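One letter stands for each residue in the lines below.
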Amino acid sequence: MNKKRIGLKIATICFLFITLWFLQKLMVPKYVTAIVEGSLIEEYYHEETDHDVVFIGDCEVYENISPITLWEKYGITSFIRGGAQQLIWQSYYLLEETLKYEKPKVVVFNVLAMKYDEPQKEAYNRLNLDGMKLSMEKIKAIKASMMDDENLIEYIFPLLRYHSRWSELTSEDFKYLFKKDKISHNGYYMRVDVEPVKSIPKGRKLSSYQFGERSYYYLDRMVELCKDNDIDLVLMKAPSIYPYWYDEWDEQMREYANKHDLMYINFLDLIDEVGIDFNVDTYDAGLHLNLSGAEKLAVYFGDILRKTYGLEDRRGDEELKKVWDEKVEFYYSMKEQQLRELEEYGYLKSLGVEKRE
Amino acid sequence: MKRILILSLALLLLLAACSKGGNTAGDVTGDMPVDGNKDNSQDVQEGQNPDNNQENQEVNEEKGYEFVFDGVTIAMHSKMELILEKLGEPMEYFEAESCALPGMEKIYSYSGFEILTYEKEGVDHVLSVVILDDSVSTKEGVYLYSNLNSLIEIYGDDYTKELNTYKYESGQSQLVFLVEDEEVTSIEYLANMEK
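Residues numbered from 1 in each chain as written. Chains lettered and ligands numbered in written order. Predicted model: local features only at pLDDT ≥ 70, side-chain atom pairs only at ≥ 80, totals over all residues.

Along the chain, Phe22(A) falls in helix H1 (residues 2–27). In this structure, the C-alpha to C-alpha distance between Phe22(A) and Glu195(A), residues 173 residues apart in sequence, is 41 Å. (Helix = DSSP H or I, 4+ residues; strand = E, 2+ residues; numbered from the N terminus.)

Below is the structure:
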């Protein structure tokens with residue numbers, strides 16, 4: 001009798017936890033057909049092989065470089081652990097976490113995030129943090145990122161944040177309850193559409209052009225972390241013409257790179273050398289490159305990485321080739337699909353992209 | 001058994017109660033959180049000459065600071081569509097998708113100033129007005145290159161100073177002056193997004 005009651009209690013508790021787990025799975029946004037950027041961070045955990053190069057940073061990394069081109073052209077394996085408006089402390093902790101899984105030869109950090117010295121917006125925090133597996137690095141990243149009205153517990157148990165989404169649930173929430181479609185190409189967010197640059201806004205006057213102490217603190221830690229792990233750190237500024245990149249910021253990054261013996265490349269200065277044509281190589285008037293632009297940048301940057309850091313061509317590795325063949329196939333099938341959509345609808349319907357007037 | 005059931009109920013009640021002021025994932029993944037903003041769509045006024053109207057010289061505390069150009073009053077959070085009707089087409093226009101989140105950042109450039117907007121429920125509202133040269137001034141009469149003394153004389157000393165910026169707040173707006181070598185070098189109206 002006693003055993004029966006204990007068994008019943010255990011079963012009830014298990015039922016309760018399974019229900020809560022199920023509810024959590026159901027309520028959290030799936031980021032598959034809209035705001036797909038929310039899926040990028042977690043896709044890293046499905047990787048089966050290591051990477052020569054890991055990119056970290058904001059949208060200027062995950063929309064501007066094609067890892068598939070790096071593989072096809074140079075046999076370099078890479079992954080982009082980027083997120084929308086990824087703040088530098090998020091990049092740092094993502095890197096720390098990445099090093100638990102693998103040790104890349106080169107880490108590339110996009111420096112636009114240096115402009116943010118404080119957390120900006122919960123929505124962007126969520127896009128960068130929700131996809132991380134629970135770990136000490138995730139907790140530290142959450143603590144560094146939280147806005148005043150946010151709580152750590154709501155990140156650890158997202159159901160507490162999203163429970164009132166029940167009235168917004170769509171078929172997507174049920175369809176992708178347990179398994180989501182792959183969105184990215186090793187962290188790269190593909191867009192084949194074209195929206196040429198028509199005008200370039202001028203930079204507004206700022207009260208101070210000095211990057212904040214907090215930004216430098218995490219950059220210092222990133223340098224140290226890479227040094228301790230014998231990894232070459234590269235600083236890059238992607239060739240995105242907006243948000244405005246000030247000369248004063250550029251100077252600070254050059255000085256920092258010199259002082260720490262790092263490579264810093266500002267691709268805004270190399271638009272012609274890379275071959276970027278802002279009439280055809282951007283899908284949003286110069287903020288981000290489209291597929292053709294991302295491939296051009298990968299060809300140019302890959303050559304620098306290969307020569308400077310002696311990255312080997314790994315296309316001869318049969319096991320690796322098998323894995324990457326699948327990635328290449330997925331890449332071209334998505335490219336075809338997007339081109340078809342553009343032809344049929346005039347916009348990328350599958351990505352929840354709104355039609356431009 | 002009863003205790004477990006009570007515990008379960010308590011947990012569910014806790015979840016229901018843990019609502020962040022009614023926020024849902026829509027706020028996290030969608031709309032810009034501009035809770036409680038008054039819709040100022042009626043605030044675009046034409047034909048008023050602020051220099052001749054004492055009442056207009058005083059800052060409307062609810063709307064906050066307003067920029068006036070060519071008789072058109074532009075309050076923060078106003079609907080851009082109505083302003084465009086009055087001001088006409090801009091000299092230059094720039095738009096950019098917000099990174100990942102829905103909505104467009106738009107910049108309308110006119111002679112001497114530009115208007116930036118944010119999108120809320122598919123409608124563009126004024127986010128900020130930036131004065132670009134000394135051909136235009138604030139409604140109260142501060143130009144680019146005005147000196148610091150005249151700025152304080154006009155707007156008073158109820159400002160927040162951070163580095164070399166002087167920030168005045170009123171209603172749903174902020175008026176931010178950048179001062180270098182005792183001279184105003186930047187003037188920006190900003191919609192207060194927290195109120």
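Right, let's talk about the sheet that holds strand S7 (residues 160–162) of chain B for a bit. Residues and elements named next belong to chain B. Spatially, eight strands are ordered S3-S4-S5-S6-S10-S9-S8-S7 in an open sheet, and the strand pairing comes out antiparallel. Unpaired on one side and paired on the other, strand S3 (92–97) and S7 mark the two borders of the sheet. If you compare each strand with its neighbour and ignore which way they point, the axes differ by 20° on average. Both S3 and strand S4 (residues 104–110) contribute to a ladder of six bridges, which runs antiparallel. (Pairing = 2+ DSSP bridges. Axes fitted to C-alpha atoms, helices over the stretch in contact; angles between N-to-C directions.)

Let us look at the packing of helix H4 (residues 67–74) of chain A against helix H15 (residues 318–345) of chain A. Residues and elements named next belong to chain A. Following both chains from N to C, one finds H4 and H15 inclined at 125°, their axes separated by 10 Å at the closest point. Taken together, the axis directions place H4 and H15 in an arrangement best described as oblique. Read as a crossing pair, H4 and H15 show a hand that is left-handed. On H15, the residues that touch Ile68, Trp71 and Glu72 of H4 are Trp324, Lys327, Val328 and Tyr331. Residues belonging to the contact of H4 with H15 are distributed by class as follows: five nonpolar, no polar and two charged. (Parallel < 35°, antiparallel > 145°, perpendicular 65-115°, else oblique. Left-handed = near helix turned anticlockwise from the far one by under 90°. Contact = placed C-beta atoms within 7 Å. Nonpolar A, V, L, I, M, F, W, Y, C, P; charged D, E, K, R; others polar.)

Moving on, we come to the interface of chain B and chain A. If you look at the interface, chain B gives 27 residues, while chain A gives 32 residues. Mapped by element, the contributors of at least two residues to the side of chain B that touches chain A are helix H1 (2–17), helix H2 (25–29), S3 and strand S10 (183–191) of chain B. Split into classes, the residues belonging to the side of chain B that touches chain A amount to 15 nonpolar, nine polar and three charged.

Quick look at the pairing of strand S5 (residues 263–266) of chain A now. Residue and element names in this part refer to chain A. As paired strands, strand S4 (residues 232–237) and S5 are joined by four bridges and run parallel to one another. Opposite Val234, over in S5, you have Met263 as the bridge partner. Regarding topology, helix H12 (residues 247–259) serves as the crossover connection from S4 to the parallel S5, and that connection is right-handed. (Right-handed = clockwise from strand over helix to strand, strands pointing away.)

Time to look at the sheet that holds strand S1 (residues 53–57) of chain A. Residues and elements named next belong to chain A. Spatially, S2-S1-S3-S4-S5 is the arrangement adopted by the five strands of the open sheet, whose pairing is parallel. The open sheet has two free edges, formed respectively by strand S2 (78–82) and S5, since each of these has just one partner strand. Taking the axes of each pair of neighbouring strands and ignoring which way they run, one obtains an average angle of 20° across the sheet. Examined bridge by bridge, S1 and strand S3 (residues 106–110) share four bridges and lie parallel to one another.

This next bit is on unusual backbone geometry. Residue and element names in this part refer to chain A. The step from Tyr242 to Pro243 runs through a cis peptide bond, and the omega angle for that step is 0°. Take Pro243: it is sitting in the loop between S4 and H12. Phi is positive for Tyr31, close to 55°, though the residue is something other than glycine. Mapped onto the elements, Tyr31 comes out in the loop between H1 and helix H2 (40–43). Tyr31 gets classed as buried once you count the C-beta atoms within 10 Å, which come to 25. Phi at Asp261 is positive, roughly 55°, even though this residue is not glycine. Take Asp261: it is sitting in the loop between H12 and S5. Accessibility expressed as a C-beta count within 10 Å gives 9 for Asp261, which makes it exposed. (Buried ≥ 20, exposed ≤ 12 C-beta atoms within 10 Å, placed from the backbone.)

Core analysis: the largest hydrophobic core is formed by 77 residues, its most contacted members being Ile65(A) and Val107(A). When residues no more than four places from it in sequence are discounted, the contact partners of Val107(A) are Val54(A), Ile56(A), Leu95(A), Cys226(A), Ile231(A) and Leu233(A). Within the second largest apolar cluster, 36 residues are counted, among which are Ala75(B), Met76(B), Val126(B) and Val176(B). (Core = buried A, V, L, I, M, F, W, Y, C linked by C-beta atoms within 7 Å.)

The next subject is the pairing of S4(A). All names here are of chain A. Summarising burial for S4: five of the six residues are buried, a large majority. In the sheet, S3 pairs with S4 via five bridges, with the strands oriented parallel. The partner of Val106 across the bridge, within S4, is Asp232.

Here we come to the environment of Pro119(A). Residues and elements named next belong to chain A. In this structure, Pro119 sits in the loop between S3 and helix H6 (122–129). In this structure Pro119 comes out as partly exposed when scored by C-beta crowding, with 17 C-beta atoms within 10 Å. For Pro119 and Met146, which are 27 residues apart along the polypeptide, the C-alpha to C-alpha distance reads 6.5 Å. Apart from residues lying up to four places away in sequence, Pro119 is in contact with Leu87, Asn125, Ser145, Met146 and Met147.

Our next topic: H1(A). Because each turn of an α-helix spans 3.6 residues, side chains separated by three or four positions in sequence point in the same direction. Between its first and last C-alpha atoms H1(A) spans 37 Å; for 26 residues at 1.5 Å apiece the expected length is 38 Å, and the two agree. Little of H1(A) is tucked away: one of the 26 residues are buried. (Expected span 1.5 Å × (residues − 1).)

All names here are of chain B. Taken residue by residue, chain B gives an average pLDDT of 77. The fraction at 70 or more is 68%. Taking the mean pLDDT of every element in chain B, the minimum, 42, falls on helix H3 (residues 54–57) and the maximum, 96, on helix H5 (residues 148–155). The low-confidence segment residues 21–26, where pLDDT is below 50, has nine contacts with residues more than four positions distant or belonging to other chains. With pTM at 0.86, the complex prediction returns an ipTM value of 0.73. (pLDDT = per-residue confidence, 0-100.)

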